[in-house]
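Residues per chain are reported as follows:
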Amino acid sequence: MSISRAETIPEGSATAAGTWLGLDVRRHRWLFPTAGVLTTFVRGSATFTFSLLILPLEREFGWTRAETVTAFSVYAFVVALGLFLGGIIVDRFGPKMPIIVGTLLVGIAHLLLSRVNSTLSLVLSYGVTLALGVALTSAAATFALAARWYPMPSERGLAIGVSVMGIGFGGLIAVPLWHYGFEHIGWRWTVLVTGGVYVLVLSFVGSVARFPPRDPEAGPQTGDFNLQEAVLTRRFWTIVLMLFLTVIGGMLIVSQVFPMFSEAIESPGALTATIAAAGVIVQAVSNSLARPFWGWVSGTLGLRTAQALCGLSMSLGLLVLATADAESYAPDKFGLFPLFGIGLVGLGLGGSVALAAVATAASFGTSFFARTFGLVMLLGSGLAGFLGPWIGAFLRQRTGDYQVALFLGSGLALLSFFLAALMLPAKGEEKLEGEW
């Protein structure tokens, strides 16, 4: 396949590197993965704390689990859609404009969320406005920045993994703070204060974000695929399908882990509700650490090995949760078996997104990375994030627990393992040179 050069990177898509607070950013590239960590910290907080809202909302308004979780399903899809649209904007105009718009949306969303009184207002505030805000800032300050500032394959995987590890740290820090806030100032004031903190953090990120300088006469790097060319390859759809199969069960856990654990520990002799919060925290921490870990594995052992093991981790984690019985939550066992499963799920979920980014950059180059990866996220993570939580809530209502949904998610993740092992190339052969 010949690579067309008709499409070039627009002039406004990169800015001169310059300095930040007196620091030469070319000599301090660590600023950009750090900006990514802070941005994904906000996104992770917004994602992991939703499960804490489920029980207060259901008690206050009498909603069913499927009604409440609909907002998270919409959120997951809109985040992926926003990453795709944001990627196009970032490639064309650079990172600052989407960060400014996204920051404003995040602030407005928390103001609206603190005043929720219906499922529609929950969907519009959390599922749409907040999702667009965190998506635009993520598209600008994470994968696109890391891929450009760390172009060497030996560095890129780790840099991308570090830039998105804030997602798990967001859950680690926000979940206990929300748990405390709910008990002392109520969930509405907790949401409102959180929004103010996020706006301050993202404003700082906006002051840092910029692309590295380039020759203004230069077009795309030789051999890079634009979006239209990428979608015509089997590799593109392989990456999408692996992401979908791994994420669908993981997003079920992210959206409902707190009520899932709470319901399990309400039986006589079960653990306190603190362990339910621990389930959220364990998943957040493992999700966070997974991103640089799998980035390092991909650079050391190759993308095929990393992706296969990532899918296997998700499958085993969901299988552990599906087979955990009431005795697993007994006080003398401290919930260690289900918490182990949650950790494996976080390891698989965090790695799946990071590895999809690594695979996209390695396969198609970085000239049109933001929009290409945005479409990967929309078709893979977006659809999985929309379907996974809703299917889990639906099957819980029909069967009385999450076991069937967990077995289903485990089987799908196992398919991702086989797909990676059979379809991805060996280490050093990831870059596409023609149609594949």
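Keep in mind the model is a prediction, meaning the values are calculated, not measured. (Residues numbered from 1 in each chain as written. Predicted model: local features only at pLDDT ≥ 70, side-chain atom pairs only at ≥ 80, totals over all residues. Heavy atoms only, no water.)

**Re the overall build of the protein**
The secondary structure content of the protein amounts to 16 helices and 2 strands. Taken across its 436 residues, the protein has 60% of its residues classed as buried. With an accessible surface of roughly 16,500 Å², the protein has 69% of that area assigned to carbon and sulfur atoms. (Helix = DSSP H or I, 4+ residues; strand = E, 2+ residues; numbered from the N terminus. Buried < 20%, exposed > 50% of the residue type's maximum accessible area, 1.4 Å probe, protein only. Areas by Shrake-Rupley, 256 points an atom, 1.4 Å probe, with all protein chains shown as cover.)

**A look at the packing of aromatic side chains**
One pass over the structure, following the stated rule, counts 15 aromatic pairs. Each ring, one from Trp178 and one from Phe182, has its centre 5.5 Å from the other, and the planes form 40 degrees; the classification is tilted. Note that Trp178 and Phe182 are positioned in helix α8 (residues 166–184) at a spacing of 4 residues, about one turn of the helix. (Phe/Tyr/Trp six-rings, centres within 6.5 Å; stacked < 30°, edge-to-face > 60°.)

**Quick notes on the packing of helix α11 (residues 234–264) against helix α14 (residues 336–364)**
Interhelical geometry of α11 versus α14 gives an angle of 150 degrees and a closest axis separation of 9 Å. Comparing their axes, α14 and α11 come out roughly antiparallel. You can see that α11 and α14 cross each other, and the crossing is left-handed. Across the contact of α11 with α14, the residue classes tally to 18 nonpolar, 6 polar and 1 charged. (Axes fitted to C-alpha atoms, helices over the stretch in contact; angles between N-to-C directions. Parallel < 35°, antiparallel > 145°, perpendicular 65-115°, else oblique. Left-handed = near helix turned anticlockwise from the far one by under 90°. Nonpolar A, V, L, I, M, F, W, Y, C, P; charged D, E, K, R; others polar.)

**A short note on the pattern of salt bridges**
The tally for this structure, following the rule as stated, stands at 2 salt bridges. A salt bridge links Glu58 to Arg65; the nearest nitrogen and oxygen atoms lie 2.8 Å apart. Grouping residues by exposure puts Glu58 and Arg65 together as buried. Arg188 is the partner of Glu60 in a salt bridge, and the nearest nitrogen-oxygen pair spans 3.0 Å. In this pair, Glu60 is assigned in helix α2 (residues 50–61) and Arg188 in helix α9 (residues 186–208), connecting sequence segments 128 residues apart. Assessed through its relative accessible area of 41%, Glu60 is described here as partly exposed. Relative accessible area serves as the criterion here: at 26%, Arg188 is assigned to the partly exposed category. (Salt bridge = Lys/Arg side-chain N within 4 Å of Asp/Glu carboxyl O.)

**Observations regarding the confidence of the model for the protein**
Chain-level pLDDT for the protein is 82 on average; 85% of the residues reach the 70-or-more range. Low pLDDT (under 50) marks residues 1–16, which in the prediction has 48 contacts with non-local residues, meaning those over four places away or in another chain. Long-range and interchain partners of residues 215–219, a stretch whose pLDDT sits below 50, account for 1 contact in this model, where long-range means more than four residues apart. (pLDDT = per-residue confidence, 0-100. Contact = heavy atoms within 4.5 Å.)

**A look at the nonpolar core**
Of all hydrophobic cores here, the largest spans 131 residues; its most connected members are Tyr75, Tyr126, Ile253 and Phe373. With 17 residues, α11 is the single largest residue contributor to this core. With residues near it in sequence (within four places) discarded, Ile253 still touches Met260, Gln283, Leu318, Leu321, Ile342, Val345 and Leu406. (Core = buried A, V, L, I, M, F, W, Y, C linked by side-chain atoms within 4.5 Å.)

**Digging into the environment of Val175**
Mapped onto the elements, Val175 comes out in helix α8. Through-space distance from the C-alpha of Val175 to that of Ala278 is 8.9 Å; in sequence the pair is 103 residues apart. In this structure, Val175 is in contact with Phe48, Thr49, Leu52, Gly170, Ala277, Val280 and Ile281, ignoring residues within four places of it in sequence.

**Examining the side chain of Thr103**
Looking at the secondary structure, you find Thr103 in helix α4 (residues 96–113). When near neighbours in sequence (up to four residues on either side) are disregarded, Thr103 contacts Thr137, Val199, Leu202 and Ser203.

**Let's talk about the side chain of Ser114**
In this structure, Ser114 sits in the loop between α4 and α5 (119–141). Judged by its relative accessible area of 8%, Ser114 falls in the buried class. Apart from the residues within four sequence positions on either side, Ser114 is in contact with Arg188, Val191 and Leu192.

**Observations regarding the packing of α2 against α11**
At their nearest, the axes of α2 and α11 sit 6 Å apart, and the two run at 55 degrees to each other. By the criterion of interaxial angle, the relationship of α2 to α11 is oblique. Read as a crossing pair, α2 and α11 show a hand that is right-handed. Note on element contacts: α11 touches α2 through Val254, Ser255, Gln256, Val257, Phe258, Pro259 and Ser262, opposite Phe50, Ser51, Leu52, Ile54 and Leu55. When the residues that make up the contact of α2 with α11 are grouped by side-chain class, the tally is 8 nonpolar, 4 polar and no charged.

**Quick look at helix α1 (residues 31–48)**
Between the first and last C-alpha of α1 there are 25 Å, a value that for 18 residues agrees with the 26 Å anticipated at 1.5 Å per step. Among the 18 residues in α1, 15 count as buried, and that is most of the element. (Expected span 1.5 Å × (residues − 1).)

**Concerning a nonpolar patch on the surface**
A cluster of nonpolar residues, Ile100, Leu104, Ile108 and Leu112, forms a patch on the protein surface that exposes about 390 Å² of accessible area. Secondary-structure assignment places Ile100 in helix α4. When its relative accessible area of 54% is taken as the criterion, Ile100 is described as exposed. (Patch = residues over 30% accessible without salt bridge, like charges linked within 9 Å, V, L, I, M, F, W, Y side chains within 5 Å.)

**A look at helix α3 (residues 65–93)**
The end-to-end C-alpha distance of α3, which contains 29 residues, comes to 41 Å, matching closely the 42 Å that a straight helix rising 1.5 Å per residue would cover. Gly94 lies just past α3 and shows a positive phi near 90 degrees.

**Observations regarding the environment of Val282**
Position of Val282 among the secondary structure elements: in helix α12 (residues 274–301). The partly exposed category is assigned to Val282, whose relative accessible area is 28%. Considering only alpha carbons, one finds Val282 and Leu172, 110 residues apart in sequence, at a separation of 7.8 Å. What Val282 contacts, discounting residues up to four positions off in sequence, is Leu339, Ile342 and Gly343.

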